[in-house]
Amino acid sequence: MNTHNPNDFRYRVRRSDDIPARFDRVPLAVRTLSSNTLFQGEHEIGIEHHGALYRLKITRQGKLILNK
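Analysis parameters
- Residues numbered from 1 in each chain as written.
- Predicted model: local features only at pLDDT ≥ 70, side-chain atom pairs only at ≥ 80, totals over all residues.
- Heavy atoms only, no water.
- Helix = DSSP H or I, 4+ residues; strand = E, 2+ residues; numbered from the N terminus.
- Pairing = 2+ DSSP bridges.
- Axes fitted to C-alpha atoms, helices over the stretch in contact; angles between N-to-C directions.
- Salt bridge = Lys/Arg side-chain N within 4 Å of Asp/Glu carboxyl O.

Colleague: Is there a simple way to explain the environment of Arg-60 in this structure?
Modeller: Relative to the helices and strands, Arg-60 is located in the loop between strand 2 (52-58) and strand 3 (64-67). For the pair Arg-60 and His-43, spaced 17 residues apart in sequence, the C-alpha separation works out to 9.3 Å.

Colleague: Honestly, the sheet that holds strand 3 in this entry has me stumped. Any pointers?
Modeller: Spatially, the three strands line up as an open sheet ordered 1-2-3, and their pairing is antiparallel. For this open sheet the edge positions go to strand 1 (44-49) and strand 3, each flanked by a neighbour on one side alone. Between one strand axis and the next, the sheet turns through 25° on average, direction left out of account. Bridging between strand 1 and strand 2 involves six bridges; their strand directions are antiparallel. Residue pairing in the sheet places Glu-48 in a bridge with Leu-53 of strand 2.

Colleague: Would you take a moment to explain the pattern of salt bridges for this structure?
Modeller: Enumeration according to the criterion identifies one salt bridge in this entry. With its nearest N and O atoms 2.7 Å apart, the salt bridge here joins Arg-55 to Glu-44. Remark: Glu-44 occurs in strand 1 and Arg-55 occurs in strand 2; sequence separation between them is eleven residues.

Colleague: Help me understand unusual backbone geometry in this model?
Modeller: Backbone phi values are negative for most residues with the exception of glycine, while trans is the configuration of most peptide bonds. If you check the backbone angles, Gln-40 has positive phi at about 45° while not being a glycine. Take Gln-40: it is sitting in the loop between helix 1 (35-39) and strand 1. One non-glycine residue with positive phi stands out, namely His-50, at about 50°.

Colleague: What am I meant to see in the pairing of strand 3 here?
Modeller: For a regular strand, side-chain orientation follows a simple rule: the groups alternate between the two sheet faces. Here strand 2 pairs with strand 3 via four bridges, running antiparallel. The residue bridging Leu-56 from the neighbouring strand is Leu-66, located in strand 3. A loop of five residues connects strand 2 with strand 3, the two strands running antiparallel in sequence, and Gly-62 in this loop sits at a positive phi of about 85°.

Below, the structure written as structure tokens:
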């Protein structure tokens, strides 16, 4: 037996009037660096942050991984 309840929130279709009005936000400028600039041909760099050493690596698939 089907127990689908159209009033159940999981099945409710979201209408535009359900979304509260939002203020337009101006995105903050973010300093951007190229990974080529950071790595300079290497596949791993160290980043010191508050006395801890983090390692930023480029994987074989070209993704970035940050380890502490």
